[in-house]
Amino acid sequence: MKYAVIRTGGKQYRVSEGELVKIEKLTGDVGEKVTLSDVLFIGGDDEVKIGAPVVANAKVTGEIVGQGRAKKVIVFKKKRRKSYSRQQGHRQYQTTLKITAIEA
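Nothing here was measured: the structure is a model prediction, and the numbers come from that model.

About the cut-offs
- Residues numbered from 1 in each chain as written.
- Predicted model: local features only at pLDDT ≥ 70, side-chain atom pairs only at ≥ 80, totals over all residues.
- Heavy atoms only, no water.
- Helix = DSSP H or I, 4+ residues; strand = E, 2+ residues; numbered from the N terminus.
- Rg over C-alpha atoms; globule rule 2.2 N^0.38 Å.
- Buried < 20%, exposed > 50% of the residue type's maximum accessible area, 1.4 Å probe, protein only.
- Contact = heavy atoms within 4.5 Å.
- Pairing = 2+ DSSP bridges.
- Core = buried A, V, L, I, M, F, W, Y, C linked by side-chain atoms within 4.5 Å.
- Polar contact = N/O pair within 3.5 Å; in protein donor to acceptor, adjacent residues only side chain to side chain.
- Salt bridge = Lys/Arg side-chain N within 4 Å of Asp/Glu carboxyl O.

K.L.:
Help me understand the overall build of the protein, please; the structure alone is not making it clear to me.
P.N.:
Broken down by element type, the protein carries zero helices and 10 strands. When its helices and strands are written in sequence order, the protein yields β-β-β-β-β-β-β-β-β-β. Against the compact-globule benchmark of 13 Å for 104 residues, the protein has a radius of gyration of 18 Å, which places it well outside the compact range. For the protein, the spread of C-alpha atoms along the principal axes amounts to about 60 × 30 × 20 Å. Within the protein, the fraction of its 104 residues that count as buried is 33%. At a minimum sequence separation of 6, the contacts of the protein that also span at least 24 residues come to 65%.

K.L.:
Teacher, can you tell me more about the pairing of strand β7 (residues 59-69) here?
P.N.:
Two faces belong to every sheet, and in a regular strand the side chains alternate between them. Here strand β4 (residues 33-36) pairs with β7 via four bridges, running antiparallel. The residue bridging Leu36 from the neighbouring strand is Val60, located in β7. Pairing analysis gives 10 bridges linking β7 to strand β10 (residues 93-103), with the strands arranged antiparallel. What sits directly across from Gly66, in β10, is Thr96.

K.L.:
Quick question: what am I supposed to make of the nonpolar core here?
P.N.:
The tendency in soluble globular proteins is for nonpolar side chains to be buried side by side. In this structure, Ala4, Ile6, Val15, Val39, Val60, Leu97 and Ile99 are the most contacted members of the largest nonpolar core, which totals 18 residues. Elements that contribute at least two residues to this core include exactly β1 (3-8), β2 (11-16), β3 (20-24), β4, β5 (39-43), β7 and β10. With residues near it in sequence (within four places) discarded, Val39 still touches Ala4, Val5, Ile6, Val54, Val55, Ala58, Lys59 and Val60.

K.L.:
Is there a simple way to think about the environment of Val34 in this case?
P.N.:
Here Val34 shows up in strand β4. In this structure the C-alpha to C-alpha distance between Val34 and Val5, which are 29 residues apart in sequence, comes to 16 Å. Non-local contacts of Val34, meaning those with residues more than four positions away in its chain, are made with Leu26, Val60, Thr61, Gly62, Ile64 and Leu97.

K.L.:
Explain the side chain of Glu24 to me, please; I cannot follow it from the model alone.
P.N.:
As for its placement among the helices and strands, Glu24 is situated in strand β3. Within the structure, Glu24 has its side chain in polar contact with the side chain of Gln92 (distance 3.0 Å). What Glu24 contacts, discounting residues up to four positions off in sequence, is Gly9, Lys11, Tyr13, Gln92, Tyr93 and Thr95.

K.L.:
Explain the pattern of salt bridges to me, please; I cannot follow it from the model alone.
P.N.:
In a structure, side chains of opposite charge can pair up when their charged atoms sit close to one another. Counted under the stated rule, the structure contains five salt bridges. Between Asp38 and Arg7 there is a salt bridge whose closest N-O contact spans 3.4 Å. Separated by 31 residues along the polypeptide, Asp38 in the loop between β4 and β5 and Arg7 in strand β1 bring together distant segments of the chain. Residue Asp38 is classed as partly exposed on the basis of its relative accessible area of 30%. Given the relative accessible area of 34%, Arg7 is considered partly exposed.

Right, here's the structure in full:
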């Protein structure tokens with residue numbers, strides 16, 4: 001099984017063909033094709049390619065399945081004995097991507 005390690009949104013993800021991945025928000029509508037060229041590693045089928053820092057001429061293509069938001073994260077600040085507390089919520093924007101091809 002062929003897989004790759006890609007970098008997008010300041011994070012790294014291990015992906016394989018046919019997999020659904022939730023990543024940081026990418027611009028585009030549902031159904032659009034997306035090409036990710038920051039491929040750091042390709043492995044599987046007794047073949048390994050390691051980038052320095054990226055693998056040359058490698059790309060991962062995918063299709064946008066959905067645009068949404070993650071679960072709410074509560075940000076709570078408190079200073080004891082000072083009657084100070086603040087609460088704030090945050091929901092990060094996410095893109096659900098279906099990986100269609102890994103090319104090297």
